[in-house]
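Observations on chain architecture
If you want the building blocks of each chain, they are given just below.
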Amino acid sequence: MVSVADGVRGYLQYLVVERGLAANTVQSYQRDLRRYAEMLAARGKGELADVSPLDVAEFRAVLRNGDEAHQPLAVSSVGRAVVAVRGLHAFARTQGLTGDDPAREVAPPTPPRRLPKAITIDEVERLLEAAGSTADPDPRALRDRALLEFLYSTGARISEVTALDVDDLDHLAAEPAVKLSGKGGKQRYVPVGSYAVAALDAYLVRGRPVLANAATRKSSPAVFLNARGGRLTRQGAWGVLREAAVRSGKSDVSPHTLRHSFATHLLDGGADIRVVQELLGHASVTTTQVYTLVTVDKLREVYAAAHPRALG
């Protein structure tokens, strides 16, 4: 029979020697397992073989809800502690210290889904204005405005936009659209709004030819070019957005922020979630449904502010 204390010591030594985990990680596991051992001792469980799945599940519950001596832990901290306990029992099982693994079926708690970060329509407009003007003589300013207008108009991923070639555009058609190549090579056609069409047209007519002439080699087929006439990279596009964001007073904006804002504003405007799924190129509507949580929050705010009996 192996005591819980001996099992914990052996497991922590294994993490250091065999797994080479960082000292901070091992120390965190040590704290979690010390508390676990104390709870087991209070339940009269001094041997690893005495531990049941119920003991592990109740340890997880105590971490989440707190007790007389401890405050409730955040989901992330509970998850780390449960991982430590699962690792301990899996180690004991593989080393032949116990016959069963009582923690195998006790999963870490699921962290809350992070809501996509979106900015308001007014903030989008300030961001676009900060990028440049369609009347600007500077070819890079024309490119920057076209780039950000296109990102917001289509909800495209930054990688999809930097991979875009001129032949993929159909922005001057009666119903302007663009062919995007998403994850796994899956292609989709996405409409392009009138503001993005105007910005693209200004850039392609007056900005891109100037940038293309700077190329020292064969001209690139890319829509968005860098100052040397080559394809604008993801890092370059990031830089364009970052500079515009700082000028607009909204520095915590990423390319994905515009994609999230595109989806959120469409749903706020009444778009069907399956249409938004297709526009975003999501393989499953489940991925898109996270955006509905954002709009539900907005509905609650409107309800609380507008309904005469919403608040006491």
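Residues numbered from 1 in each chain as written. Predicted model: local features only at pLDDT ≥ 70, side-chain atom pairs only at ≥ 80, totals over all residues. Heavy atoms only, no water.

Observations concerning the overall build of the chain
Short version of the rule: Here a helix means four or more residues in a row that DSSP labels H or I, a strand means two or more in a row labelled E, and each is numbered from the N terminus. Should any heavy atoms of two residues lie within 4.5 Å, those residues are considered in contact. All accessible-area figures derive from a Shrake-Rupley calculation using a 1.4 Å probe, and residue coverage is judged against the displayed protein chains alone. In summary, the charge assignment counts Lys and Arg as positive and Asp and Glu as negative, without counting His or the chain termini. Here the site of a charge means atom NZ of a Lys, CZ of an Arg, CG of an Asp or CD of a Glu.
Regarding its fold elements, the chain presents 13 helices and 3 strands. Taking the principal axes of the C-alpha coordinates as reference, the chain spans close to 80 × 65 × 35 Å. For the chain, the share of sequence-separated contacts (at least 6 apart) that also reach a separation of at least 24 residues comes to 58%. Counting only carbon and sulfur atoms, one obtains 51% of the accessible surface of the chain, whose full area is about 17,200 Å². The chain carries 40 positive and 35 negative side-chain charges, and their two centres are separated by 3 Å.

Describing the environment of Pro 139
With respect to the secondary-structure elements, Pro 139 resides in helix α6 (residues 139-154). Distance in space between the C-alpha atoms of Pro 139 and Gly 87 is 57 Å, their sequence separation being 52 residues. Beyond its immediate chain neighbours, meaning those up to four positions away, Pro 139 contacts Tyr 203, Gly 207, Val 210 and Leu 211.

Considering the pairing of strand β2 (residues 177-181)
To keep it simple, the criterion reads: Here, any two strands with at least 2 DSSP bridges between them count as paired.
Relative to β2, strand β1 (residues 169-170) runs antiparallel, the two sharing 2 bridges. Bridging across to β2, Leu 169 finds its partner in Val 178. The pairing of β2 with strand β3 (residues 187-191) spans 5 bridges and is classified as antiparallel. Residue pairing across strands places Leu 180 opposite Arg 188, the latter belonging to β3. In this antiparallel pair of consecutive strands, β2 and β3, the connection spans 5 residues, and Gly 184 shows a positive phi of 70 degrees.

Considering the packing of α6 against helix α10 (residues 255-268)
Inclusion rule: The axes used here are C-alpha line fits, helices contributing only the stretch in contact, and every angle between their N-to-C directions lies in the interval 0 to 180 degrees. What sets the label is the angle itself: under 35 degrees gives roughly parallel, over 145 gives roughly antiparallel, 65 to 115 gives roughly perpendicular, and the rest give oblique. Note on residue categories: nonpolar means Ala, Val, Leu, Ile, Met, Phe, Trp, Tyr, Cys or Pro, charged means Asp, Glu, Lys or Arg, and polar means any other residue, Gly included.
Two elements in contact, α6 and α10, have axes separated by 7 Å at closest approach and are oriented at 40 degrees. When the axis of α6 is compared with that of α10, the two are oblique. Across the interface between the two elements, Leu 148, Leu 151, Tyr 152, Ser 153 and Thr 154 from α6 touch Leu 258, Ser 261, Phe 262 and His 265 from α10. Considering only residue class, the contact of α6 with α10 consists of 5 nonpolar, 4 polar and no charged.

A word on the packing of aromatic side chains
We apply this condition: Stacked, edge-to-face and tilted are the three classes for Phe, Tyr and Trp ring pairs, Trp counted by its six-membered ring, which pair at centre distances within 6.5 Å; planes under 30 degrees apart are stacked, over 60 edge-to-face, the rest tilted. Here the term buried applies to any residue with accessible area under 20% of the maximum for its type, exposed to any over 50%, and partly exposed to those in between, with areas from a 1.4 Å probe on protein chains only.
All told, the structure shown has 6 aromatic pairs when counted by the stated rule. Ring centres 6.3 Å apart and planes at 25 degrees place the aromatic pair Tyr 11 and Tyr 14 in the stacked group. Taken together, the residues Tyr 11 and Tyr 14, both in helix α1 (residues 4-17) and 3 residues apart, mark about one turn of the helix. When the ring of Tyr 203 is compared with that of Phe 224, the centres are 5.7 Å apart and the planes differ by 10 degrees; the resulting orientation is stacked. Within this pair, whereas Tyr 203 is found in helix α8 (residues 194-212), its partner Phe 224 is found in the loop between α8 and α9 (234-248), the two being separated by 21 residues in sequence. Note on Tyr 203: relative accessible area 0%, which makes it buried.

Examining the side chain of Ser 220
Secondary-structure assignment places Ser 220 in the loop between α8 and α9. In this structure, Ser 220 is in contact with Arg 208, Leu 225, Gly 229, Gly 230 and Arg 231, ignoring residues within four places of it in sequence.

What to know about the sheet that holds β2
Read across the open sheet, the 3 strands follow the order β1-β2-β3; overall the sheet is antiparallel. Looking at strand neighbours, the two that pair on one side only are β1 and β3, the edges of this open sheet.

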